[in-house]
Each structure stands twice: as C-alpha cells, then as structure tokens.
Amino acid sequence: MAEDVHLTKAGSLIDKVWHLPNLRRAWTLVKANHGTWGVDRQGLEAFEAHLDDELLDILAALKADAYVPLPGRRVYIPKPDGRRRGLAVPAVRDRVVQTALRQRLEPHFEARFAETSYGYRPGRSAHQAVGDVMASLHRGGEWIVEVDIEHFFDTASHERLMAAVAGVVADGRILRLVQAFLWAGVMEEGKRRTLVAGTPQGSCLSPLLSNAFLDTFDHQMRAHGHRAVRYCDDLVVVCRTREEAEAALEQVHQILEGQLGLRLHPEKTRVVHITEGFEFLGFRFWRNNRGLDLQPRARAVQALRDKVRSITRRRQPRRTDELVALLNPVLRGWRRYFRIGDLRRLGWRLDRWVLRRLRAYMAKRWRTTNWRRYPDPFFYRRLGLCSLQRGS
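Keep in mind it's a predicted model, so treat the numbers as computed, not measured.

1. Description of helix α11 (residues 242-259)
Now for step 1: For α11, which comprises 18 residues, the first-to-last C-alpha distance of 25 Å matches the rise-based estimate of 26 Å (1.5 Å per residue) to within 8%.
Now for step 2: Elements in contact with the buried residues of α11: β3 (143-148), α10 (206-223), β7 (234-239) and β8 (270-273).

2. Overview of the confidence of the model for the chain
Now for step 1: Of the residues in the chain, 95% have a pLDDT of 70 or more, and the chain-wide mean is 92.
Now for step 2: Here residues 1-5 is a poorly scored stretch, pLDDT under 50, and it has nine contacts once near neighbours within four places are set aside; other chains count.

3. What to know about the sheet that holds β3
Now for step 1: Overall, antiparallel pairing links the four strands, which are arranged β6-β7-β3-β8 in an open sheet. Strand pairing shows two members of the sheet lacking a second neighbour, β6 (228-231) and β8, which therefore form its edges. Taking the axes of each pair of neighbouring strands and ignoring which way they run, one obtains an average angle of 25 degrees across the sheet.
Now for step 2: Bridge count between β3 and β7: six bridges; the pairing is antiparallel. If you follow Val145 over to β7, its bridge partner there is Val237.
Now for step 3: Running at roughly 170 degrees to β6, α10 makes contact with β6 and β7 of the sheet.
Now for step 4: Contacts from α11 reach β3, β7 and β8, with the element oriented near 20 degrees to β3.

4. A word on empty space enclosed by the protein
Now for step 1: Per the stated rule, a full pass over the model turns up one cavity of 30 Å³ or more.
Now for step 2: Size it by volume and the largest cavity reaches roughly 150 Å³.
Now for step 3: In terms of lining residues, the largest cavity is bounded by 19 residues, among which Pro90, Gln98, Phe181, Pro200 and Ser203 are the most central.
Now for step 4: Broken down by secondary-structure element, the contributors of at least two residues to the lining of the largest cavity are β2 (84-89), α5 (92-110), α9 (172-183) and α10.
Now for step 5: Residue composition of the lining of the largest cavity, by class: twelve nonpolar, six polar and one charged.

5. Observations regarding the packing of aromatic side chains
Now for step 1: Applying the stated criterion to the full structure yields twelve aromatic pairs.
Now for step 2: With a centroid separation of 4.9 Å and an interplanar angle of 90 degrees, the aromatic rings of Tyr337 and Phe338 are classed as edge-to-face.
Now for step 3: On the basis of relative accessibility, which here comes to 27%, the residue Tyr337 falls in the partly exposed class.
Now for step 4: A relative accessible area of 6% places Phe338 in the buried class.
Now for step 5: Within the aromatic cluster, the residues linked to one another by ring pairs are Phe283, Trp334, Tyr337 and Phe338.
Now for step 6: Above the face of the Trp37 ring, Arg41 is positioned so that its terminal group lies 4.2 Å from the ring centre.
Now for step 7: Between Arg124 and the ring centre of Tyr118, over which it is positioned, the NZ or CZ distance is 4.9 Å.

6. A closer look at the sheet that holds β2
Now for step 1: Taken together, the four strands give an open sheet; going across it, the order is β2-β1-β4-β5, and neighbouring strands pair in mixed fashion. Each edge of the open sheet is held by one strand with a lone partner, namely β2 and β5 (191-193). The mean angle between the axes of side-by-side strands here comes to 45 degrees, regardless of whether they run parallel or antiparallel.
Now for step 2: As paired strands, strand β1 (residues 72-78) and β2 are joined by six bridges and run antiparallel to one another. Considered in β2, the bridge of Ile77 is made with Arg85.

Basis of the calculations
Residues numbered from 1 in each chain as written. Predicted model: local features only at pLDDT ≥ 70, side-chain atom pairs only at ≥ 80, totals over all residues. Heavy atoms only, no water. Helix = DSSP H or I, 4+ residues; strand = E, 2+ residues; numbered from the N terminus. Expected span 1.5 Å × (residues − 1). Contact = heavy atoms within 4.5 Å. pLDDT = per-residue confidence, 0-100. Pairing = 2+ DSSP bridges. Axes fitted to C-alpha atoms, helices over the stretch in contact; angles between N-to-C directions. 1 Å grid on protein atoms, 1.4 Å probe; cavity = no way out; pocket = protein on both sides within 12 Å on 5 of 7 lines; lining within 4 Å. Points joined across faces, edges and corners; volume = space filled by probe spheres on them. Nonpolar A, V, L, I, M, F, W, Y, C, P; charged D, E, K, R; others polar. Phe/Tyr/Trp six-rings, centres within 6.5 Å; stacked < 30°, edge-to-face > 60°. Buried < 20%, exposed > 50% of the residue type's maximum accessible area, 1.4 Å probe, protein only. Lys NZ or Arg CZ within 6 Å of the ring centre and 35° of its normal.

Structure follows, in structure tokens:
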C-alpha cells in the first residue's frame, strides 16, 4: 500500500511533458472528448487543421519556460438544486498542455494516493466507492459520518494546492506551469477575473489537483483508524459505534477545517444511523426490516424525470420513434449508473411513467384516441424503447 512506502520526489519532468509523442497523445485525448472552444474561439477542427504547427509552438513555449495559459471561458450549467455551477472552459491548446502535464504527473501521484480515494483515478469508479461503503456496512458499520464540503473547487487554497504538488514534484518548471494554470483565471462578460483560490472546474487538471489536496486527509483519517471513502470532494466515514463516529467527525473538522482551511456545511456534516439513511454519489443507503437497501436518491429520480419531460414535451414536430431515439441514451445512461442498486419496483414505476408520457404525446399530437390501441410491446419491441426495470 502507498501509505507504507517511502517515495522520493519526482525530478526533472518538463522534458517529458513537451516530448512530442506525449503532446500528440494528449491531443488525441482532447479531440476524443469533443470539447468546445475557449476564449480564443479556436475549435478542435481549427486546431487540427494546423496540428503540427500548433504542437510545435506548444513544445517551443514549454521548452523555453514561456508558456502562458489563457483564462478559461466562463459558462454555467444547472445543478439539481436549481442553482448554477460555473465552469471555466480552457482554450484547446491549454487543454492539450494540461492533458500532457497530467499524463506525466499522474503516475507519481497515483503511487501515493490512498486506497480509499476513488474519484477520477485510473481504474477506479464511483461504483467501486459505493461498493466500499456497502462492504463496511455489511461488516457491521451502523453509524455514518456524512461530510459536505462547501464550494471546494472555489475555496481550496492555492498555497496549499501548490504545497501538495511540491510534495511530490521537485521540478520548478512543472510547479511554475501548474501555478500559471491556477492563476489564469476566467473571462466573463468580457472581463478577466483572477482566481485567488480554488481550481477551475472544466480543467482536466482539477481532478488530479483536488485529489492531491485532499490526500493528506485520506492518510490522516486512516492513521486515526477511520476509513474515509472519498470520491473527489464527496465522502463518508462508516463506523461501528456512535462514539467512534463522533470521534471521526471531530477528526474530519480538525483536518478539513483546521489544517486545510475548508468550510464544512454545519447542517449537512453530521452523524446518522443507518436506519435513518444517508446519501452518497447519487445513491440512498439505509437498513430496513429486509436488510440493507440501495436505491437512487430522490434528486436523481427527479433529474431523470425532468430530462424525460423535456424530451417528450408535446409541442414539437417529431414522430414517436424519433422521441424514443432521443430517450434511449438518457434511460440507458441512468440505468447503467444506478443498476447496482435495487431498481425492481422503482424501475417498474418509472417505466410506466415513461410510457404514459409517450402515449400522452401521441394523443396530443394526433388529437385522437387511436394511441390507446398500442400496447407496451409496441414501444419496447417495435420502437426499441429502453426499460429501466429490465435494461433492454
């Protein structure tokens, strides 16, 4: 385990970052992500049209220690609670550099990261984090510490972020490059705003930096005998007794607030019993008379309903088979994520609701009752509608 191994700092890395094959691999990953343009309005196609020249320009700037990132383009996406999350979309060339940098940094950090950290790491997933929590519950865990970090990506100290990177990397040019990306800021309504804290969401470096920042928390909790399962800034601690949970909560406050300078939500950071239930990574865990239960949380169900309502709104010129073609990726993606929970009853209820939405659309569009003669197999077999209960 990484906790038991003393590892030396990584030395010279910048030459491996600007290595042309590394830049080409980075470009391949950036292109595969199908991202949009940044503040320079250069899209993927425009960058690829002069790919060799673009990569050689990046190589020369990195080699001369003169690379200057552009600010991210500020965009907002809706959150499930009705608020908006601000993203900073980097320019294509900055995404290439960030990816090239991450490819060289990641192995050195991965060798140190705790086994209970699952977010945005190679070979690890949210399902594994959920499985880790379920295993602790099956082993007798009954008291859970729920932890809610307020605005982590906006408030993480740059000084502490850089200290976390410097603890692993000794190359000063790498450190200056990471610092430059943190200071690049965002462009919003034509004005550039420098970020004094946080790591911009939208940057492919952010997940690695956030894991590096919180890695000390993972190891210190383990040293105090607590298993804190973390997926980026979402985390829980499963304990056997209330006393153990209260002690774990005290450690959480001391490390996250006292040492790392983060803010914890005073009401959402708490100790709960498994019979009350708790939420983690979109799932609701609780124990009832039948044993442990795992299902999608209410907000995840509501988010799915909102997407289905948007697709099946009645004032649109689409055939029913076209609606099904739009619905299926949403339904399959939702089921693919939540399939590890119990979807038997919930899946059946949602299937019936989706069918009612489609039949109501047909009735409104055709202004006829003929839609009533189409049974369930018409939608599932003829049109290929995905079933949330069966997964077909």
